Amino acid sequence: MVKPPRKQRLSVYLDPKVMSRLAEHAARRDLSRSLVAEAAIESFLSPDAAERQEAAITKRLDQLDRRMTRQERDVAIAVETLAVFVRFWLATTPSLPEPAAQAAHAKAGERYDAFVTALGRRLARGPKLRQEISEDIDSGVDANQPGSPVG
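Attention here is on the structure that accompanies the text. Keep in mind that what you see is a predicted model, and the values were worked out from it rather than measured.

### Some thoughts on the packing of helix α1 (residues 16-29) against helix α2 (residues 33-45)
So, point 1. Contact geometry for α1 and α2: axes closest at 9 Å, N-to-C directions at 105 degrees. Our classification of the angle between α1 and α2 gives roughly perpendicular. Between α1 and α2, the contacting residues are M19, L22, A23, H25 and A26 on the first element and R33, V36 and A37 on the second.

### Here's the deal with the pattern of salt bridges
So, point 1. Within this structure, the stated rule accounts for 4 salt bridges.
So, point 2. Here K7 makes a salt bridge to E38, at a shortest N to O gap of 2.9 Å. With a gap of 31 residues between them, K7 in the segment before α1 and E38 in helix α2 connect regions that are remote in the sequence.
So, point 3. Overall, the relative accessible area of 64% leaves K7 in the exposed class.
So, point 4. The partner of K107 in a salt bridge is E110, with the nearest N and O atoms 3.5 Å apart. Linking K107 with E110, this pair stays in helix α4 (residues 98-125), spanning 3 residues, or about one helical turn.

Cut-offs applied
- Residues numbered from 1 in each chain as written.
- Predicted model: local features only at pLDDT ≥ 70, side-chain atom pairs only at ≥ 80, totals over all residues.
- Heavy atoms only, no water.
- Axes fitted to C-alpha atoms, helices over the stretch in contact; angles between N-to-C directions.
- Helix = DSSP H or I, 4+ residues; strand = E, 2+ residues; numbered from the N terminus.
- Parallel < 35°, antiparallel > 145°, perpendicular 65-115°, else oblique.
- Contact = heavy atoms within 4.5 Å.
- Salt bridge = Lys/Arg side-chain N within 4 Å of Asp/Glu carboxyl O.
- Buried < 20%, exposed > 50% of the residue type's maximum accessible area, 1.4 Å probe, protein only.

See below:
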């Protein structure tokens with residue numbers, strides 16, 4: 001029976017911080033420092049190490065790209081929803097006579113200021129609409145009943 005070649009000894013000088021990290025890593029993995037150092041050197045000298053790193057980075061970039069595409073789609077849907085709502089509201093809201101229009105403009109200014117304040121508070125700390133919708137659906141709220149948030 002042929003014995004495998006015996007491992008050769010190598011003495012290296014390591015910075016105390018590197019030596020400490022090597023010892024901690026080896027202890028966590030319950031391996032010898034020599035085995036961890038050998039694996040690290042093998043990985044460093046491996047011709048496909050750069051390819052593995054590139055593959056990992058590419059995978060992460062692909063995930064980020066998919067998330068960004070999904071966010072772009074969601075924003076486009078939200079913008080279209082708002083545009084359709086505004087068009088519908090403008091088409092169905094009747095014009096007011098001149099004396100009532102002036103009072104309505106004044107009241108609109110007050111309401112707009114209150115809206116901006118409420119929006120600021122909600123964005124800062126309030127629940128998101130999608131959370132409220134899922135809570136409403138989960139609790140079985142009927143939108144057609146009086147007093148419901150939608151009705």
